[in-house]
Amino acid sequence: MDRILIEGGHRLKGDVKISGAKNAALPILVSSLLTDGWNTYANVPDLQDVHSILHLLTTLGARVETEPGLVRINAGGLCNSEAPYELVRKMRASILVLGPLLARLKKARVSLPGGCAIGARPINLHLKGLACLGAAIELKHGYVEASADTLKGCDIYLDTPTVTGTENIIMAAVLAEGRTILRNAAREPEVESFIDVLNLMGAQIQGGGTSVISIEGVTCLHPVSTRIISDRIEAGTFMVAAAMTRGDIRLLDSQPQHLEALIQKLTLAGAHFKLDDQTVRVTGSDRITSVDIRTLPFPGFPTDMQAQFTALMSVAQGLSIVSETVFENRFIHVEELKRMGADIQLSGNAAIIKGVAELSGAPVMATDLRASASLILAGLVAKGKTEVHRVYHLDRGYEGLEEKFRGLGAAIKRVK
Ligand code: UD1
């Protein structure tokens with residue numbers, strides 16, 4: 001299994017190009033199931049999760065062609081309505097095929113994703129929305145079995161603004177009869193860009209980026225050619241890296257308007273920002289100050305940046321409290337950071353962090369995607385060598401992270 005080796009202590013400096021957003025690419029690639037004919041997607045990141053979703057789409061009968069950064073999908077041959085356990089267990093976002101399969105084939109059999117390292121992660125709200133649209137839903141042998149002769153627009157309230165739940169329900173509602181209103185919908189930029197793409201396909205959706213989304217059903221959609229927005233979580237990870245290594249990094253092709261909560265918190269922690277439309281320059285200061293954060297759905301502080309911010313706070317001056325309100329168990333990285341010398345106490349859904357002057361390099365284990373990034377960030381400033389194991393988590397969601405860090409002057413390499 002691959003490991004990443006890091007020799008800490010280098011100031012990061014230079015330009016880095018931000019890749020396309022994983023969480024925008026996944027639902028957008030899946031939305032190709034709603035059309036016949038060739039869809040073309042540019043700026044698609046080369047990630048394990050993208051490979052997994054393309055494999056699943058092929059299994060369902062879609063034709064997929066790829067070249068670097070570009071994916072073409074034709075779902076004219078969509079014939080199979082089953083997403084098997086072997087594929088869904090690799091990536092929870094596979095559940096996204098449920099809505100479009102139901103809309104196109106009137107039936108779907110999708111494996112239940114099960115638990116994961118960061119908590120229970122139920123899909124009850126996806127199912128509640130689809131049932132409201134008229135689907136009959138049964139849970140059998142570890143699978144969701146859904147069917148519907150016709151889907152009819154309805155009024156759906158989500159108890160929690162679930163991201164993939166919002167996307168799944170929208171994909172079923174776009175081809176339903178009549179109007180669907182989705183209340184307390186997710187407002188994440190990835191959801192908004194996904195809605196933009198569906199509208200390009202001919203859908204009639206209003207309210208993208210707000211918590212009330214109105215979908216007027218249409219009879220068919222047409223293929224599109226579009227570009228995936230840039231990854232705000234990757235950009236945020238480099239922002240933290242600049243702050244942490246007292247570096248000076250220019251992020252190219254990033255959209256700072258998607259990261260306002262993080263930028264404000266990093267500014268309070270002592271980092272300096274120069275924002276342009278598509279470029280952000282982040283400069284770290286000699287002193288990192290402790291700042292409290294609380295994760296929330298967008299536009300709140302993203303849970304996907306919590307682990308990286310926790311790593312930053314572990315070397316800040318003073319005491320900070322990081323509260324995780326989105327997922328129930330998203331602090332597994334804390335035990336690994338402690339092995340590097342961080343002083344962190346967990347109390348319920350909060351981490352109380354007393355900044356230390358220095359971390360020390362150690363062998364550590366990545367447990368999920370963003371936890372892996374936090375351990376790499378810690379390794380970049382730790383004294384001595386850090387060895388990060390189980391980096392396949394990282395490959396699920398960061399495109400060429402170690403090459404990008406190396407380009408900025410980090411001493412980091414992957415060994416097989
Ligand atoms: C998406 C992102 C993930 C991010 C998360 C929160 C993708 C592919 N993944 O995951 O990177 O960390 O949003 O920003 O876009 N919930 C329920 N019932 C449901 C669905 C969700 O209770 O049916 C709860 C979850 O347990 C969690 C909260 O809602 O506490 C938010 O989860 P959700 O937004 O659904 O996360 P994902 O869409 O899986």
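One numbering rule holds for all chains: residues counted from 1, following each sequence as written. Two thresholds apply to this predicted model, a pLDDT of at least 70 for residue-level local features and 80 or more for giving and counting side-chain atom pairs, whereas whole-chain, interface and lining totals are computed over all residues. The basis for the side-chain values is all heavy atoms of the structure; hydrogens and waters are excluded.

K.L.:
So what exactly am I meant to see when it comes to empty space enclosed by the protein here?
P.N.:
The way it works is a 1 Å grid over only the protein atoms, where trapped points that fit a 1.4 Å probe form a cavity and open points with protein on both sides within 12 Å along at least five of seven lines form a pocket, and then any residue with an atom within 4 Å of a point lines it. Grid points are joined across faces, edges and corners, and a volume is the space filled by probe spheres set on the points. Within the structure shown, the criterion is met by three cavities of 30 Å³ or more. Its boundaries defined by the atoms lining it, the largest cavity holds a volume of some 40 Å³. Every residue along the wall of the largest cavity is listed here: A21, K22, N23, E190, D231, I233 and R370. For the lining of the largest cavity, the domains that each give at least three residues are domain 1 (3-19 + 230-415) and domain 2 (22-227). The source of the domain bounds is an automatic or database domain assignment.

K.L.:
Please explain the domain arrangement of the chain as it appears in this structure.
P.N.:
Reports of interface size often rely on the accessible area that becomes lost once the parts have come together. Here the chain is described as being made up of domain 1 (3-19 + 230-415) and domain 2 (22-227). The gap between the C-alpha centroids of domain 1 and domain 2 is 30 Å. Note on contacts: a residue pair qualifies if any of its non-hydrogen atoms lie within 4.5 Å across the two residues. The interface is formed by 24 residues belonging to domain 1 together with 20 residues belonging to domain 2. Throughout, the accessible surface (probe 1.4 Å) given up by two parts as they are put together, summed over both, is called the buried area. When domain 1 packs against domain 2, close to 1800 Å² is buried across both sides, 51% of that on carbon and sulfur atoms. Ranking the residues of domain 1 by area buried against domain 2 places F298, R396 and E399 at the top, with a combined share of 31%. By salt bridge we mean one thing: a side-chain nitrogen of Lys or Arg within 4 Å of a carboxyl oxygen of Asp or Glu. Between D253 and R227 there is a salt bridge, and its shortest N-O distance comes to 3.0 Å. Whenever two N or O atoms come within 3.5 Å, that pair is a polar contact, provided that in protein one can donate a hydrogen and the other can accept it, and provided that, for residues adjacent in sequence, both atoms are side-chain atoms. Applying the counting criterion to the domain 1 and domain 2 interface returns seven residue pairs in polar contact (both at pLDDT 80 or more). Per the convention used, a helix needs a DSSP run of H or I reaching at least four residues, while a strand needs a run of E reaching at least two, with both numbered from the N terminus. At three residues, the largest contribution of residues to the side of domain 1 that touches domain 2 is made by helix α13 (residues 392-397). Under the scheme applied, nonpolar residues are Ala, Val, Leu, Ile, Met, Phe, Trp, Tyr, Cys and Pro; charged residues are Asp, Glu, Lys and Arg; polar residues are all the others, including Gly. A breakdown of the residues in the side of domain 1 that touches domain 2 according to their chemical character gives seven nonpolar, five polar and 12 charged.

K.L.:
What exactly am I supposed to notice about the site of the ligand here?
P.N.:
Residue proximity to a molecule or strand is established when one non-hydrogen atom of the residue lies within 4 Å of it. Of all residues adjacent to the ligand, which total 17 residues, the nearest are L125, T162, T164, D304 and V326. With respect to the ligand, the backbone of V163 contributes an N or O atom lying 2.8 Å from an oxygen atom. For accessible areas, the Shrake-Rupley method is used with a probe of radius 1.4 Å. Any residue's cover is judged against the shown protein chains and nothing else. When isolated, the ligand has an accessible area of 740 Å², and the protein chains bury 85% of it. Put simply, the parts of the chain that give the shell around the ligand at least two residues each are α5 (124-132) and α6 (163-173). Of all the elements, α5 adds the most residues to the shell around the ligand, at three residues. Considered class by class, the residues forming the shell around the ligand number seven nonpolar, seven polar and three charged. Two domains each donate at least three residues to the shell around the ligand, and these are domain 1 (3-19 + 230-415) and domain 2 (22-227).

K.L.:
Quick question: what am I supposed to make of the nonpolar core here?
P.N.:
General note: in soluble globular proteins, nonpolar side chains tend to be found buried as a group. Residues L29, L57, V97, I170 and V174 are the most contacted members of the largest nonpolar core, which totals 76 residues. At six residues, the largest contribution of residues to this core is made by helix α1 (residues 22-30). In this structure V97 touches V30, L33, L56, L57, L60, A83 and V110, once residues within four positions along its chain are discounted. By size, the runner-up hydrophobic cluster in this structure holds 66 residues, among which are L251, L312, V334 and V364. Put simply, buried Ala, Val, Leu, Ile, Met, Phe, Trp, Tyr and Cys residues joined by side-chain atoms within 4.5 Å make one nonpolar core. Residue burial is assigned from relative accessible area. The probe radius is 1.4 Å, only protein chains are included, and a residue is buried under 20% of its type maximum, exposed over 50%, and partly exposed in between.

K.L.:
Mind showing me how you'd approach the packing of aromatic side chains here?
P.N.:
Each aromatic ring pair is characterised by the separation of its centres together with the angle its planes make. A pair of aromatic rings is counted whenever rings of Phe, Tyr or Trp (Trp by its six-membered ring) have centres within 6.5 Å, and the orientation is called stacked for planes under 30 degrees apart, edge-to-face for over 60 and tilted otherwise. Within this structure, the stated rule accounts for two aromatic pairs. Look at F238 and F405: their rings are 4.9 Å apart centre to centre, the planes differ by 55°, and that puts the pair in the tilted class. On the criterion of sequence distance, the pair formed by F238 in helix α8 (residues 232-244) and F405 in helix α14 (residues 401-407) is long-range, its members being 167 residues apart. The residues F238 and F405 share a single accessibility class, namely buried.

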